[in-house]
Amino acid sequence: MIEHIGNRYIENRPVYSANAFQEEHKKKQRYHKTFLDHLKVCCSCSTQKAKRIALSLLPIASWLPAYRVKEWLLSDIVSGISTGLVCVLQGLAYALLVNIPPSYGLYAAFFPIITYFFLGTSRHIAVGPFPVLSIMVGATVMRLSSMDNSDAMDSYNSSMSNNSSEDNYKVMVAATVTVLSGIIQLLMGALQVGFMVIYLSESLISGFTTAAAVHVLVSQLKFMLQLSVPSHTDPFSLFKILISIFSQIEKTNIADLVTSLIILFILFVVKEINQRYRAKLPVPIPIELIMTVIATGVSYGFDFERRFNVTVIGNMPSGFEPPITYDLEVIKGTIGDSFSIAIVGFAVAFSVASVYSLKHDYAIDGNQELIALGVSNIFTGSFKGFAASTALSRSAIQESTGGKTQVAGILSALIVLIFIENLGFLLAPLQKSVLAALALGNLKGMLMQFTEIRRLWRKDKYDCLIWIVTFIFVTVLGLALGLAASVAFQLLTIVFRTQFPKCSTLASVGRSNIYKNKKDYSDIYEPEGVKIFRCPSPIYFANISFFKQKLIDAVGFSPLRILRKRNKALKKIRKLQKQGLLQVTPKGLICTVDGLKDSDEELDNNQVEELNQPVNTTDLPFQIDWNASLPLNIAVPKIQLHSLILDFSAVSFLDVSSMRGLKSILQDFIRIKVDVYIVGTDDDFIEKLARCEFFDDEVKDSIFFLTIHDAVLHILMKKDYSTSKFNFNQVPVETKF
């Protein structure tokens, strides 16, 4: 019963052990489903289930019939046109990151939108090329296009009629890795493993995308400077590219450099205006489109290609090309890269989709998103596009210009289609350095993530370390290998957190039933002879040794050492007693012979098992007080501890190895007459310990208690108040039972 007076309460209930609580409050009998039960539900069939599955696999059937034409159509049209123009430019720009002709970027901007319109669950993301994925695909393309694969390249291009054999091979590699990543995403979605993205933490994704932005920046320098830079995809490739660039910096094309710097400056200024005055602007200023139109007109009007020898996009073929033919050797060489591309692409798309779903209050399905992205990549790769996800800036434009559904997406695809079929020739005079500047202009948000370091350092040192290490790994080792190493390091930090938990000794704060780390408070009450030890993590094979050492440090002695000392002393006492050299007095045991020497050899120290057994004094005609003075040269450390309370409320699990180690050290405490109490565990936890023979049935009721305060009061009531230094009246009135 609980009574409250103002902001205070008085609680009146029994002291509960685990058994006592179960006897007074019977648990409900619940049926826990087995694997077969879940399998039956999964394999069962009904009309409603079939309809639910069909709607989940084809989300358009759910939202399109409810489309509000009068309210949403105009907004979607405006959003679709704005987003479509950006899609064209970003598709061309990101194709340079993949090291393929820019025209193929239009395919990557077109095909994913079509499939996602039918299969996607997010209403606001704009699927298509993403710079991080593009640079990852580009790294794979350059690795397989190196001189080591010249035979495979010649074999593939011998069957092609296009004159640009090297470009054909690169396009085929990019399309192959895209199809494979799509297949992986589709399989993951079918197997319902969308949860795997949770292993990519926010800190890891932030550090990874920042490092990827650095790779994008370095990769675009050759277009801005118009230098011939050999490709590098091995670890330290970033530094090798920089060395190659600076070794031929005198060959820079000044026209390309000046053009790209001017465009970069204008992009940053206008994007800052868009960001600062986004609440006042009806739509963001389409600076990419404006600069592209101006740069194309200037390049064409002043004939930059002939006068300044700049590199331009050139003639782009209109229409679509036939599907690719795959090469088995390329498939074998891109499986590993495809897996990392599939994971990163889904992680980025799902993160952005989650932001907009929370903002606009609708649900998204991670597994269906995997299926949608997988089919999109398969479809895109089959028609010579490259891997798709979502670009943050493109999605922001689609949402901020009033996009309500993926109808805006399908309209943006229509804009891209117009350029593919009819208007591509208008962009022929556009400099590649302009596309490089446009790509870098969209990296501002990613590069600004360096400010995350300060925020993470204040909030969580481990997360800050994950960010920094991820950035270093990805920068130095490359995208795919760096991502794998970063994930491994992140999981390792979790192991470190549990392997070295912050164990503490608790005490009552303000003489209440609230127990906190006694190092943090001055007004504490710690019953004499009682230690309350808390472990805030799972106990398993990797940290059981650390747990035992921390427990020994908390109590101030090793119970095994005390036990062995007492057994050694007991052997000496038995020997003296048999020789009649001991006399029992009210003050303790007195040896009647002075100067008796006893060699350690007689203690038989090699019999360790015998020394580890409980102290047995039943054969002696007297009881030994181990904290009193012992005769002669018999020295045993004195301990004041008589009760040890283990707070396991934060221990989520124990494995077999840890239970064996825990049982060993707790038995040592019990053998030296220290009572052990375990609090904060649930019934399943206790049953698991029972199955592992952690305790005998008769002691179960005496060691498991609901709370720390229950155990403390049990100890207080168990002791003899007249002789004990415990004072029951010192316990606050509010907690008397």
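The structure displayed is predicted, hence computed values, not measured ones.

Novice: Go over the packing of helix α21 (residues 452-459) against helix α22 (residues 461-477), please, and point to the residues and values.
Specialist: Following both chains from N to C, one finds α21 and α22 inclined at 150°, their axes separated by 6 Å at the closest point. On the basis of the axis angle, α21 is roughly antiparallel to α22. Counting all contacts with α21, which are made through E452, I453, L456, W457 and K459, the residues of α22 involved are K461, D463, C464, W467 and I468.

Novice: So, the nonpolar core: which residues are in play, and what are the values?
Specialist: Ranked by internal contacts, the top residues of the largest apolar core, which has 113 residues, are M136, V137 and F386. Discounting residues that sit within four places of it in the chain, V137 has contacts with V98, A174, V177, I341, F386 and A387. Within the second largest apolar cluster, 48 residues are counted, among which are L581, I634, L644 and L654.

Novice: Please give an account of the layout of surface pockets that cites residues and values.
Specialist: When its volume is computed, the largest pocket comes out at roughly 1,500 Å³. Lining the largest pocket are 46 residues, and of these Q275, L392, S393, A396 and G445 sit closest to its centre. With six residues, the top contributor of residues to the lining of the largest pocket is helix α17 (residues 392-400). When grouped by side-chain class, the residues that make up the lining of the largest pocket number 25 nonpolar, 14 polar and seven charged.

Novice: How would you sum up the pattern of salt bridges? Please name residues and give values.
Specialist: Counted by the stated rule, this structure contains 15 salt bridges. Of the charged contacts, one joins R68 and E71 as a salt bridge, the two residues approaching to 3.5 Å between their closest N and O atoms. Looking at R68, the relative accessible area reads 46%, which means it is partly exposed. Given a relative accessible area of 52%, E71 falls into the exposed group.

Novice: How would you sum up unusual backbone geometry? Please name residues and give values.
Specialist: Its identity is not glycine, yet Q192 carries a phi of approximately 60°, on the positive side. Positionally, Q192 belongs in the loop between α9 (165-190) and α10 (202-225). By relative accessible area, which is 48% here, Q192 ends up partly exposed. One non-glycine residue, K673, lies in positive phi territory at about 70°. Look at K673 and you get exposed, because its relative accessible area is 63%.

Novice: So what's going on with the packing of aromatic side chains? Which residues, and what values?
Specialist: Applying the stated criterion across every chain yields a total of 29 aromatic pairs. Between the aromatic rings of F110 and F320, the centroid separation amounts to 5.6 Å while the plane-to-plane angle is 40°, which identifies the pairing as tilted. Here F320 lies in the loop between α14 (304-307) and α15 (328-360) and F110 lies in helix α6 (residues 103-119), a separation of 210 residues in the sequence. Judged by its relative accessible area of 35%, F320 is partly exposed. An aromatic cluster is present here, built from Y104, Y107, F110, F111, F320, F379 and F383 joined pairwise through their rings. Sitting over the ring of Y362, R123 keeps its end group 4.5 Å from the ring centre. The ring of W457 carries K461 above its face, with NZ or CZ at 4.9 Å from the centroid.

Novice: Give a detailed account of the packing of helix α7 (residues 131-144) against α15, specifying residues and quantitative values.
Specialist: Taken N-terminus to C-terminus, the directions of α7 and α15 make an angle of 170°; their axes are 10 Å apart at the nearest point. Considering the angle they form, α7 stands roughly antiparallel to α15. Facing α7, whose interface residues are V132, L133, M136, V137, T140, R143 and L144, α15 presents V330, G333, T334, D337, S340, I341, V344 and G345. Along the lines of polarity and charge, the residues of the contact of α7 with α15 split into eight nonpolar, five polar and two charged.

Novice: Outline the pairing of strand β8 (residues 530-534), supporting the account with residue identities and numerical values.
Specialist: Within β8, four of the five residues are buried, which leaves it mostly tucked inside the rest of the structure. Both β8 and strand β11 (residues 643-647) contribute to a ladder of five bridges, which runs parallel. Each residue of the ladder has a partner; that of F533, found in β11, is L646.

Novice: Which residues make up α15, and what are the values?
Specialist: Look at α15: 45 Å from first C-alpha to last across 33 residues, which is about the 48 Å you get at 1.5 Å a residue. Its maximal kink placed at T334, α15 deviates by approximately 50°. Where α15 begins, one side-chain oxygen reaches toward the backbone nitrogen of E329, 2.9 Å away; that side chain belongs to D327. Two residues or fewer past α15, D361 is found with a positive phi of approximately 60°.

Calculation rules
Counting of residues starts from 1 at the beginning of each chain's written sequence and follows it residue by residue. In keeping with the predicted nature of the model, local features appear solely for residues at pLDDT of at least 70, side-chain atom pairs appear and are counted solely at 80 or more, and the whole-chain, interface and lining totals rest on all residues. Each side-chain value is derived from all of the structure's non-hydrogen atoms; neither hydrogens nor water enter the calculation. Axis definition: a line fitted to C-alpha atoms, over the contacting stretch in the case of helices. Angles run 0 to 180 degrees between N-to-C directions. Helix numbers and strand numbers start at the N terminus; a helix is a DSSP run of H or I with at least 4 residues, a strand a run of E with at least 2. Throughout this description, any angle smaller than 35 degrees is read as roughly parallel, any larger than 145 degrees as roughly antiparallel, any in the 65 to 115 degree range as roughly perpendicular, and the remainder as oblique. Contact criterion: two residues are considered in contact whenever any of their non-hydrogen atoms come within 4.5 Å of each other. What makes a nonpolar core is a set of buried Ala, Val, Leu, Ile, Met, Phe, Trp, Tyr and Cys residues whose side-chain atoms join them at distances within 4.5 Å. Here's how the labels work: a residue is buried when its accessible area is under 20% of the maximum for its type, exposed when over 50%, partly exposed in between, all with a 1.4 Å probe on protein chains only. With a 1 Å grid spanning the protein atoms alone, the term cavity applies to any set of points in which a 1.4 Å probe fits but cannot get out, the term pocket to an open set with protein on both sides within 12 Å along at least five of seven lines, and the term lining residue to any residue with an atom within 4 Å of a point. Grid points are joined across faces, edges and corners, and a volume is the space filled by probe spheres set on the points. Under the scheme applied, nonpolar residues are Ala, Val, Leu, Ile, Met, Phe, Trp, Tyr, Cys and Pro; charged residues are Asp, Glu, Lys and Arg; polar residues are all the others, including Gly. One side-chain nitrogen of Lys or Arg within 4 Å of one carboxyl oxygen of Asp or Glu is enough to make a salt bridge. Ring pairs shown here join Phe, Tyr and Trp side chains whose ring centres sit within 6.5 Å, with only the six-membered ring taken for Trp; geometry is labelled stacked below 30 degrees between planes, edge-to-face above 60, and tilted in between. In this scheme, the term charge over a ring applies when either NZ of a lysine or CZ of an arginine sits within 6 Å of the ring centre and within 35 degrees of the ring normal. When DSSP locates at least two bridges between a pair of strands, those strands are taken to pair. An expected span of 1.5 Å times one less than the residue number is assigned to each helix. Values of bend correspond, residue by residue, to the angle between axes fitted over the seven residues ending at that residue and the seven starting there. Two N or O atoms count as a polar contact when they lie within 3.5 Å, although within protein this holds only if one can serve as hydrogen donor and the other as acceptor, and sequence-adjacent residues are included solely when both atoms are side-chain atoms.

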